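Structural description and commentary
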Amino acid sequence: MPSSINDYRKLIEQPWGKMFYDALFRQLDLPEDHSLNIFDFGAGFCVTASHYAPFHHVTAIEPSKEMLDLRRRDNCSKYACIHGGIEEVRKQSIAAFDLVICHNVLEYVPDKERILTELANVLKQGGRLSIVKHNPAGRILAYSVFSDDPEAALVLLEDGDHENNMFGKRDTYSNEYLIKQASKRGLSLEDRFGLRTFFGLSSNNDIKYTKKWYDNMLALEMKTCNLEEYKNIAFFNHLIFRKIT
């Protein structure tokens, strides 16, 4: 894990940072022939907002001023970018968005259920909610293999994931918890993908700058991201919900 926001910003420009988004965008599989209203809560460096802005109407909200100052600048004039948190969600119109994005956010907030309620409120009926979250089994695998730290893996296995980092204290919640809370808000699980199953495990970073490695690794990630056994060991899980009521 990077030790500062600036280090984290540099990480997303590396092949292993870029692949996270390349895989994620393929999993979302948004159309380019008609425009959607997209709401990106916890937009970070606005990589996702910047990617979708040329084809869709995007509103990005991020509470960290430091992250917004370092945001990706391509397409930044094509989407609305707001500095703020949950209070800005409440200012949005009810049932205004076709897609709501909340990636690697809920682990760091004390009241997940309140935020899920607010995000469900701004989602249209039939719209989708995209949530990316840490997967405990994948983190254990990464500690033991990538970091060569079985002691940390044992702690994670026995005590759960409560790491403190630049974003605060992380509380990694279960998929079952998320699915249950989403259901209470009229959201039905439509799909679940693995994300970063393999590409973060190798410590040979030199090879990751080659096109052959990148293309083959991305193909491998996409072929396995919807297979149950690989979802279960991926570092992240990507859950997509549909608003049915």
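Quantities reported herein were computed from a predicted structural model and do not represent experimental measurements. Counting restarts for each chain: residues are numbered from 1 in the order of the written sequence. Per-residue local features of the predicted model are confined to residues with pLDDT of at least 70, and side-chain atom pairs are confined, for both listing and counting, to 80 or more; whole-chain, interface and lining totals are unaffected and use all residues. By convention in this description, side-chain values take in all heavy atoms of the structure and omit both hydrogens and water.

Describing the overall build of the protein
For the record, the criterion: Put simply, DSSP marks the helices as runs of H or I at least four residues long and the strands as runs of E at least two long, and each gets a number from the N terminus on. Each residue is placed in one exposure class: buried if its accessible area under a 1.4 Å probe, protein chains only, is under 20% of its type's maximum, exposed if it is over 50%, and partly exposed if it falls in between. Contact criterion: two residues are considered in contact whenever any of their non-hydrogen atoms come within 4.5 Å of each other. All accessible-area figures derive from a Shrake-Rupley calculation using a 1.4 Å probe, and residue coverage is judged against the displayed protein chains alone. Neither His nor the chain ends is counted toward charge; the positive residues are Lys and Arg and the negative residues Asp and Glu. The location of each charge is read from NZ of Lys, CZ of Arg, CG of Asp or CD of Glu.
Secondary structure summary: the protein contains 11 helices and nine strands in total. Projected onto its principal axes, the C-alpha positions of the protein cover 50 × 40 × 35 Å. Expressed as a percentage of its 245 residues, the buried residues of the protein come to 49%. Contacts spanning at least 24 positions in sequence make up 73% of the contacts within the protein whose residues lie at least 6 apart. With the model as given, the accessible surface of the protein reaches about 11700 Å², and the carbon-plus-sulfur share is 51%. One finds the centroid of the 31 positive side-chain charges in the protein at a distance of 4 Å from the centroid of its 34 negative side-chain charges.

Looking at the nonpolar core
Formally: Residues enter a nonpolar core if they are buried and are Ala, Val, Leu, Ile, Met, Phe, Trp, Tyr or Cys, with the set joined through side-chain atoms within 4.5 Å.
In terms of nonpolar packing, the biggest core is built from 39 residues, with F20 and I38 touching the most fellow members. At the level of elements, α2 (15-28), α3 (47-52), β2 (57-62), α4 (65-69), β4 (97-103), β8 (187-195), α10 (211-224) and β9 (236-243) are the ones that each hand at least two residues to this core. The element that contributes the greatest number of residues to this core is α2, accounting for seven residues. Setting aside anything within four residues of it in sequence, one finds I38 in contact with L30, Y52, H56, H57, V58, T59, F97, L99 and I101.

Concerning the environment of C225
Relative to the helices and strands, C225 is located in the loop between α10 and α11 (228-231). Given the relative accessible area of 4%, C225 is considered buried. When residues no more than four places from it in sequence are discounted, the contact partners of C225 are Q27, R192, F193, G194 and K231.

Some details on the sheet that holds β9
The following threshold applies: Two strands pair under a simple rule: DSSP has to find at least two bridges between them. Only the contacting stretch of a helix is used when fitting its axis, a line to C-alpha atoms as for every element, and angles between N-to-C directions run 0 to 180 degrees.
Spatially, β3-β2-β1-β4-β5-β9-β8 is the arrangement adopted by the seven strands of the open sheet, whose pairing is mixed. Because the sheet does not close on itself, it has two edges, and the strands there are β3 (80-83) and β8. Averaged over all neighbouring strand pairs, the angle between strand axes comes to 15°, with direction disregarded. Judged from the six bridges that link them, β4 and strand β5 (residues 123-134) form a sheet pairing that is parallel. By the bridge assignment for β5, H103 is matched with V132. The strands touched by helix α6 (residues 112-121) within the sheet are β1 (37-41), β4, β5, β8 and β9, with β5 carrying the most contacts at an inclination of about 145°. Each of β5, β8 and β9 is contacted by helix α9 (residues 175-184), which is oriented at about 15° to β9, the strand it contacts most.

Section: the packing of helix α7 (residues 136-145) against helix α8 (residues 150-159)
Here is the rule we go by: Orientation labels follow simple angle bins: below 35 degrees gives roughly parallel, above 145 gives roughly antiparallel, 65 to 115 gives roughly perpendicular, and whatever is left gives oblique. Left-handed describes a crossing in which the near helix is turned anticlockwise from the far one by less than a right angle; the clockwise case is right-handed. Only Asp, Glu, Lys and Arg are considered charged, only Ala, Val, Leu, Ile, Met, Phe, Trp, Tyr, Cys and Pro nonpolar, and every remaining residue, Gly among them, polar.
Interhelical geometry of α7 versus α8 gives an angle of 160° and a closest axis separation of 7 Å. In this view, α7 runs roughly antiparallel relative to α8, as classed from their interaxial angle. Like other packed secondary-structure pairs, α7 and α8 cross with a definite hand, here left-handed. Within the contact between the two elements, α7 uses P136, R139, I140, Y143 and S144 and α8 uses P150, A152, A153, L156 and L157. Looking at the contact of α7 with α8, its residues break down into eight nonpolar, one polar and one charged.

Examining the pattern of salt bridges
Stated formally: Note on definitions: salt bridges are taken to be side-chain nitrogens of Lys or Arg within 4 Å of carboxyl oxygens of Asp or Glu.
Inspection of every chain in the model, using the stated rule, returns 14 salt bridges. As a salt-bridge pair, D69 and K65 come within 2.9 Å of each other at their nearest N and O atoms. One end of the pair is D69 and the other is K65, both in helix α4 and four residues apart, which spans about a single turn. The exposure class of K65 is partly exposed, given its relative accessible area of 45%. Residues joined in a network through salt bridges with shared partners are R9, E13 and R72.

Brief notes about α10
Short version of the rule: A helix's residues, less one, multiplied by 1.5 Å, set its expected span. This arc is built from the directions going out from the helix axis to the C-beta atoms.
Between the first and last C-alpha of α10 there are 20 Å, a value that for 14 residues agrees with the 20 Å anticipated at 1.5 Å per step. Turning to α10, its buried residues are W213, Y214, M217, L218, E221 and T224. End-on view of α10: buried residues confined to an arc of 140°, all on one side of the axis. Relative to its buried face, α10 has exposed residues pointing more than 90 degrees away, namely K211, K212 and K223. Along its buried surface, α10 packs onto α2, β8 and α11.

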